[in-house]
Amino acid sequence: MRAALLIQRWYRQYVARLEMRRRCTWNIFQSIEYAGEQDQIKLYNFFGYLMEHFTPASSERSLISHIFRENNICRDIEWERYFCYKSIDLPDIYHGPHITFPMTVCGASKLVEAFKHKHQLHSRYVLQLLGETWRLLRILPNINHVTSCHTRELTICGDLHGHLEDLLLIFYKNGLPSSEKPYVFNGDFVDRGKNSLEILLILFAFLLVYPNDVHLNRGNHEDHIVNLRYGFTKEVLGKYRVHGKKILKLLQQIFSWLPLATVIDHKVLIVHGGISDTTDLNVIARIDRHKYVSALRPPNRSRQAVNGSRSPTLDQNSSEKASEPVEGLCRMSPLTKHSPGLGSKHNPQRYYGRQCSLQNLFTSGHVNCSVEEELRKRRKQAGFSQSYGDLGKYVFDEDPEAGETAGTDGDEWKQIVDVLWSDPMPQDGCTPNEVRSGGCYWGPDVTEEVLGRHNLQLLIRSHECKQDGYEFCHNRRVLTIFSASNYYEVGSNRGAYIRMGPDLVPHFIQYQASRTSRELTLRQSIGWTEQSALRALRQQLFAHKSDLIGAFQEYDPKNTGMISLKHWASAMEGVLKLGLPWRVLRSQLVNNTVDGMLNYQEWIKELSITEPKPEISNASILETMYKNHSNLETIFRIIDTDHSGLISLEEFHQTWKLLSSHLKTEISDKAIADLALSIDFNKDGSIDINEFMEAFRLVDLTGGPAHRAEVAVC
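The residue numbers shown here count from 1 along each chain, following its written sequence. Local features are withheld for residues below a pLDDT of 70 in this predicted model, meaning they are given only at 70 or higher, and side-chain atom pairs are given and counted only at 80 or more; totals for whole chains, interfaces and linings count all residues. Note that the side-chain values use all heavy atoms of the structure and ignore hydrogens as well as water.

**Student:** It is not clear to me how helix H27 (residues 649-663) should be interpreted in this structure. Could you clarify?
**Tutor:** With 15 residues, H27 should cover 21 Å at 1.5 Å per step; its first-to-last C-alpha distance of 21 Å lies within 8% of that length. Throughout this description, buried means an accessible area under 20% of the type-specific maximum (1.4 Å probe, protein chains only), exposed means over 50%, and partly exposed covers the range between. The way it works is that DSSP assigns letters per residue, a run of H or I at least four long becomes a helix, a run of E at least two long becomes a strand, and they are numbered from the N terminus. Of all the residues in H27, the buried ones are Phe652, Gln654, Thr655, Trp656, Lys657, Leu658, Leu659, Ser660, Ser661 and His662. Lys664, located one to two residues past H27, shows a positive phi value of around 60°. A helix is expected to span 1.5 Å multiplied by its residue count minus one.

What follows is the structure, given as structure tokens:
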């Protein structure tokens, strides 16, 4: 008996240690993930600030202005002409799938088989399929209503994030979509994985065949601004070098037309992110959803549009070039409010058109400081430090012609942001989602109030990776479903989908798409993902090594080179701000101590990270690249307006100036010029974006694939 008790105690301790390691690993992945989201929102807000305070003709403003242009409202015939596929010929050497329209079950099934065998669909068929999808989506409501019956179960899938193997496994286990096998796919089809476009094409094909039985909700990644950072833009341009730009333009339109929610039997609400205390399905049902091309910012209204003049159109001459940004906008920056000090009559210099240039931003320390101060001020005014309900009270430039239209757009935009970006929390209330910098955290009381107000019994959402693929919260009235297995790393999580019959009771099917992960024991799986998380964390540490040394030195006034482990943990959190249990992670990150003291200079050197080979004399610019790798790539993608994958040396110079302005750091013209010359391998005066970013990607010496600092985003 005693032996059995000892074995039982040992086993419980063993499982508890594994669980602690699993939770630490999960915290590392999610903290880095959400830090990447904060970086993206902050960078986009900075661009909004530049758009507001730079002269319309300035070269710096023109570099980024195209991402702030409105969704062009054009006659159908003009879009048809712009996306015409008929001039694209199929070469004789094409051996991929051939599809016909109207789309048939055979055609959709043929796509599934082709993509399973890694065949690529010709761009002519891609454009034709996307065009048909666009025409269908435009007639769908904002909220799809689905009725269950005893003869068929409804299948609900969460985030797929480009994991084609997960979608194929779902179809293998559950069957292809049909009138007897209806599906709801709850957004985030793209980014992160390598086969986002294939997933979209398969889902769109079945949507065309079964428009009443396949339902697609929009996720926060169905957004062309988010795609710039997290891989989908790069994927499309890599697979379709000639017609990739047209494909992306049409996808931008399609994303804006995706429905926002699905309701089953008037009792179960399905949205991608969640709700807030101001969520109103009646308002959401009336929103003109295609105005919100990017949920990161509300739509602008030009004075001409307010006065009823004709909307801009596309013609043959302008179809390959984005139209110029409309001036005289009643502007509102993304996820923030305007500061009265910089955007109203209270500042006559700004109100009557103060001009500034990017050069001024570098030569004036005062202006440099004001950029960050203004971003913080506008973030605070947006409601991030007050009650979340105030977020709906947006402040526009005081344009007398804007009127109540601006306020209405702000209220509508808030509804969309909340359903795409929000997350549940265990505490009552509704607060800004400071972790993601978008949407809100809502509590059980908000769930009860919103579901009760709409006579609903269950909310199904996605947006967050869960280890088991699903998770209940809020007294089992909120259910998270996540369908991308191995999201962070092989073995990190299961995927899952829901089957739901007329009793509206969810039944879960879990899976692992990777055979390797299915063969791992629990200990092996946790060990594998733990090492992956630690690699990603070490890359973060290496990229911030100068900041870390500075923070360590503050705890070492006598310059001994030694600090206590307590001070080490405090400095780590002070620099990285990831909210991690550093003392728990100490055993994984710190190997050698003397009487509880750490030699921090040696510890920095021992980080298992190596630098790439290009010889860069300026250590500061090198560390800036490591620390802001994703931000830099995002700016490159924005500046590369023709999506060629190449930028000129002058555009390269402007990219670095934008980044240094955003970071409030001084980077000399000579340092930028030296960097450009060192990376222009063939000396043709242009730089390949992909080659540049790969050349300066951190490499892990401990083995295994190198991971980016921003591991993922739900």
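**Student:** I tried to follow the sheet that holds strand S5 (residues 261-264) on my own but got confused; where do I start?
**Tutor:** Within a sheet, each strand pairs with its neighbour through backbone hydrogen bonds, oriented either parallel or antiparallel. Taken together, the six strands give an open sheet; going across it, the order is S1-S5-S6-S12-S14-S13, and neighbouring strands pair in mixed fashion. The two strands at the open ends of the sheet, each matched to only one other strand, are strand S1 (143-146) and strand S13 (470-473). The average angle at which neighbouring strand axes cross in this sheet is 20°, direction not considered. Two strands pair if DSSP finds at least two bridges between them. In the sheet, strand S6 (residues 268-270) pairs with strand S12 (residues 458-461) via three bridges, with the strands oriented parallel. Of the residues in S12, the one forming a bridge with Ile270 is Ile460. For every element, the axis is a line fit to its C-alpha atoms; helices are fit only across the contacting stretch, and the angle between N-to-C directions ranges from 0 to 180 degrees.

**Student:** Got a minute to help me understand the sheet that holds strand S10 (residues 430-432) in this structure?
**Tutor:** The mixed open sheet is built from three strands, whose spatial order is S9-S11-S10. Of all the strands in the sheet, just strand S9 (423-424) and S10 have a single pairing partner and so form its edges. Where S9 lies against strand S11 (residues 440-442), two bridges are found, and the strand directions are parallel. Looking at S11, one finds that Pro424 is bridged to Trp442.

**Student:** For this particular structure, what's the right way to read the packing of helix H20 (residues 522-543) against helix H23 (residues 582-589)?
**Tutor:** The axes of two packed helices give the description: the angle between them and the distance between them. Where H20 contacts H23, the two axes come as close as 12 Å, and the packing angle between them is 95°. With respect to their mutual orientation, H20 and H23 come out roughly perpendicular. Residue-level inspection shows Glu530, Leu534, Leu537, Arg538 and Leu541 of H20 in contact with H23, the latter providing Trp582, Leu585, Gln588 and Leu589. In this classification, Asp, Glu, Lys and Arg are treated as charged, Ala, Val, Leu, Ile, Met, Phe, Trp, Tyr, Cys and Pro as nonpolar, and every other residue, Gly included, as polar. Broken down by class, the residue content of the contact of H20 with H23 amounts to six nonpolar, one polar and two charged. An angle below 35 degrees is treated as roughly parallel, one above 145 as roughly antiparallel, one from 65 to 115 as roughly perpendicular, and anything else as oblique. Residues are treated as being in contact if the distance between any of their heavy atoms lies within 4.5 Å.

**Student:** I'm lost on the nonpolar core in this one. Help?
**Tutor:** The nonpolar side chains of soluble globular proteins are, as a tendency, buried together. Among the buried residues, those of types Ala, Val, Leu, Ile, Met, Phe, Trp, Tyr and Cys that are joined through side-chain atoms within 4.5 Å form a nonpolar core. Grouped together as the largest cluster of nonpolar side chains are 60 residues, with contacts concentrated most on Leu121, Leu130, Leu167, Phe185, Phe189, Leu216 and Leu251. Tallying contributions element by element places helix H7 (residues 196-209) first for this core, with 11 residues. Formed by 39 residues, the second largest nonpolar core is a distinct cluster that contains Cys465, Leu537, Ile549 and Leu578.

**Student:** What's the story with the packing of aromatic side chains in this structure? I'm lost.
**Tutor:** Describing an aromatic ring pair means giving the distance of the ring centres and the angle of the ring planes. Pairing of aromatic rings covers Phe, Tyr and Trp, the last through its six-membered ring, and needs centres within 6.5 Å; plane angles under 30 degrees mean stacked, over 60 mean edge-to-face, and all others mean tilted. Across all of its chains, the model carries 18 aromatic pairs by this definition. With a centroid separation of 5.3 Å and an interplanar angle of 5°, the aromatic rings of Tyr183 and Phe185 are classed as stacked. When sorted by exposure, Tyr183 lands in the same class as Phe185, which is buried. Members of the aromatic cluster, connected to one another through ring pairs, are Trp26, Phe29, Phe482, Tyr487 and Tyr488. The ring of Trp257 carries the charged tip of Arg138 above its face, separated from the ring centre by 5.9 Å. Two thresholds decide whether a charge sits over a ring: the Lys NZ or Arg CZ must be within 6 Å of the ring centre and within 35 degrees of the ring normal.

**Student:** Explain unusual backbone geometry here, please?
**Tutor:** Backbone geometry follows two general trends: most residues other than glycine have a negative phi, and most peptide bonds adopt the trans configuration. A cis geometry characterises the amide bond from Phe101 onward to Pro102, with omega recorded as 5°. Positive phi values are uncommon outside glycine, yet Lys118 reaches one of about 65°. Within the secondary structure, Lys118 sits in the loop between helix H4 (105-116) and helix H5 (123-137). Despite not being glycine, Asn475 has its phi angle at roughly 60°, a positive value.

**Student:** Would you mind going over the packing of helix H6 (residues 164-174) against H7 with me for this structure?
**Tutor:** Two elements in contact, H6 and H7, have axes separated by 9 Å at closest approach and are oriented at 35°. In terms of crossing hand, the pair formed by H6 and H7 is left-handed. Facing Leu164, Leu167 and Phe171 of H6, the residues of H7 in contact are Glu198, Ile199, Ile202, Leu203 and Phe206. A class-by-class count of the residues in the contact of H6 with H7 yields seven nonpolar, no polar and one charged. Helix crossings fall into two classes, left-handed where the near helix is turned counterclockwise from the far one by less than a right angle and right-handed where it is turned clockwise.

**Student:** How do you make sense of the environment of Ile667 when you look at a structure like this?
**Tutor:** Its place among the elements puts Ile667 in the loop between H27 and helix H28 (669-679). Measuring from C-alpha to C-alpha, the distance between Ile667 and Lys657 comes to 7.5 Å, with 10 residues separating the pair along the chain.

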